[in-house]
Amino acid sequence: ASLRLIPAPPVLLYCKGTLPQFNGRLSVAVVGTRKMSDYGKRMAFEISRDLARAGAIVVSGLALGVDGVANAAAINGGGETVAVLGSGIDIIYPPAHAKLAEFVVRHGALVTEFPPGTRPEGRNFPIRNRIISGLASATAVIEADLISGALITARRALQQGRPLYALPGRVDDKGSEGTCILLKNGAKLLVAADDILTDFEKVYADKINIFRLLQHSPVVIDAVLRSMRVSSKKERRPSPEDAPPPPPPAKSEPVDEVDPARKAEVERTLERLGELPRRIYGLIPASGQVSCDELAEAGIGIGDVMAATATMEIEGIIEMLPGGLIQRK
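Residues numbered from 1 in each chain as written. Predicted model: local features only at pLDDT ≥ 70, side-chain atom pairs only at ≥ 80, totals over all residues. Heavy atoms only, no water.

Visitor: What am I meant to see in the sheet that holds strand E3 (residues 57-60) here?
Guide: Picture the strands of a sheet paired through backbone hydrogen bonds; they go either parallel or antiparallel. Taken in spatial order, the eight strands of this open sheet run E1-E5-E4-E3-E2-E6-E7-E8, and their pairing is mixed. Single-partner strands in this sheet number two, and they are strand E1 (14-17) and strand E8 (188-189). Strand contacts of helix H2 (residues 66-76): strand E2 (27-31), E3 and strand E4 (81-84), with the helix running at about 160° to E3, the strand carrying the most contacts. Sheet contacts for helix H7 (residues 193-200): E2, strand E6 (138-141), strand E7 (164-166) and E8; angle to E7, the most-contacted strand, approximately 160°. (Pairing = 2+ DSSP bridges. Helix = DSSP H or I, 4+ residues; strand = E, 2+ residues; numbered from the N terminus. Contact = heavy atoms within 4.5 Å. Axes fitted to C-alpha atoms, helices over the stretch in contact; angles between N-to-C directions.)

Structural data, given as C-alpha cells:
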C-alpha cells in the first residue's frame, strides 16, 4: 500500500522468496556507502539487527558495503528483510552477494521492477532507490559521501514524506560528509535502533517489542558476514560479464529515422494537447529516454507529469518503459 503513495509508483514488482506483510508493520530502509568504514559496518550491523529483532522489516539494496551488511544483520537478528535489485530478478548484482541473496530469499524476498534479463546498468540504481524508500516507514542513512547513492535514497524518502534518520560520524571523514549534511538539514539523529523504534512504538504497538533489545547476545560481526559471504571489497562497475549477452536485434526493414508524415502527425497531436505535453515531449531525447524524476527536477510537478504522460501514451506519441522511463514512440 505504501508504494501506491509515492511519485511514479512501479506498475508491477517481480519477487523471489516470501514478501513480508508490509501493511500495518514498521519497515525501515537501511542504506549507505559501498566504501564503509569499520565504524559504519559495526553500526549498520547493530542497528539493522536490533530493528529486525524488535519486529521491523529491514529493506536495503544488497549492494556491497552498508546495504549488504543491513540485509545480513536483519537475518542474524531473526527478522525479515527485503533486497531491492537494480537488475532483473534472475541476475544478482554484485555477483559476490549471490550467497547473501539466497539467505534473503529464505528470510524475506528479492524485489525488482525490472523484467528478467535486465542487466545491472548504472542508471537502474537511482531508479530502484525510490522503491527502497517507498517500501519503508522510515529511512536510515549510515554512512555516505557526497556522491553516494544513499543520498538519492534519502532525497526520495523526503519527497515521499517519510522520516529520515542519519548516523553521525567524524566531520573529517569522507564517509560522513553526506550524513552530516542530512543532519544539518533536519534529519533525525540516529545512534541506535531505539531512536527509530521509540518514534514508531505507539503507531505499531502490537508489532514492535523494544524489550527484545534487552536480550544481550554478543556476536562476532565478521564471522556472521563471512558465513553469508557478505563482501566489502570495492565494487567494480557493472560489466557485460555480469549477465547474459543481450539478444541480437530483430531484423527489420530499414526505416527513415525522420518520417515527415509521422513528424507532422506528432506535431498536430501536441498542438491539440497543449503546452505541457509539448514541453515534456521536448525534454525526451530523440533516441533515448527520460525518467519521471528528471521531468520533476525540470520544474514539472510529479502529478502533472503523470497526468500528461498518461494522455500522451494513449495518443501514441510516447512509450512508458520499466523503471519509470519514457521514450518517444
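Visitor: Would you explain the pairing of E6 in this entry?
Guide: Two faces, one strand: in a regular strand the side chains alternate between the faces of the sheet. Covered by surrounding structure in E6 are Ala-138 and Ala-140 together with Thr-139 and Val-141, the residues of both alternating faces. Bridge analysis of E2 against E6 gives four bridges, and the strand direction is parallel. In the sheet register, Val-28 faces E6, and the bridge partner there is Ala-138. As paired elements, E6 and E7 share three bridges and run parallel to each other. Residue pairing in the sheet places Thr-139 in a bridge with Leu-164 of E7. As a crossover connection, the stretch from E6 through helix H5 (residues 149-159) into E7 is right-handed. (Buried < 20%, exposed > 50% of the residue type's maximum accessible area, 1.4 Å probe, protein only. Right-handed = clockwise from strand over helix to strand, strands pointing away.)

Visitor: Looking at this structure, I do not really get the sheet that holds strand E9 (residues 289-291). What am I missing?
Guide: What the three strands build is an open sheet, ordered E9-E11-E10; its pairing is antiparallel. Each end of this open sheet is capped by a strand with a single partner; those strands are E9 and strand E10 (318-321). Adjacent strand axes in the sheet meet at a mean angle of 30° when their direction is disregarded. Inspection of the sheet shows E10 paired to strand E11 (residues 325-328) by four bridges, in the antiparallel sense. Each bridged residue has a counterpart across the sheet, and for Ile-318 the counterpart in E11 is Arg-328.

Visitor: Can you walk me through a nonpolar patch on the surface in this structure?
Guide: Taken together, the side chains of Leu-146, Ile-147 and Ile-181 define a hydrophobic patch exposed on the protein surface, amounting to about 330 Å² of accessible area. One can find Ile-147 in the loop between E6 and H5. Taking relative accessible area as the criterion, Ile-147 reaches 78% and is therefore assigned exposed. (Patch = residues over 30% accessible without salt bridge, like charges linked within 9 Å, V, L, I, M, F, W, Y side chains within 5 Å. Areas by Shrake-Rupley, 256 points an atom, 1.4 Å probe, with all protein chains shown as cover. Salt bridge = Lys/Arg side-chain N within 4 Å of Asp/Glu carboxyl O.)

No statement about biological role is implied by the geometric values presented.
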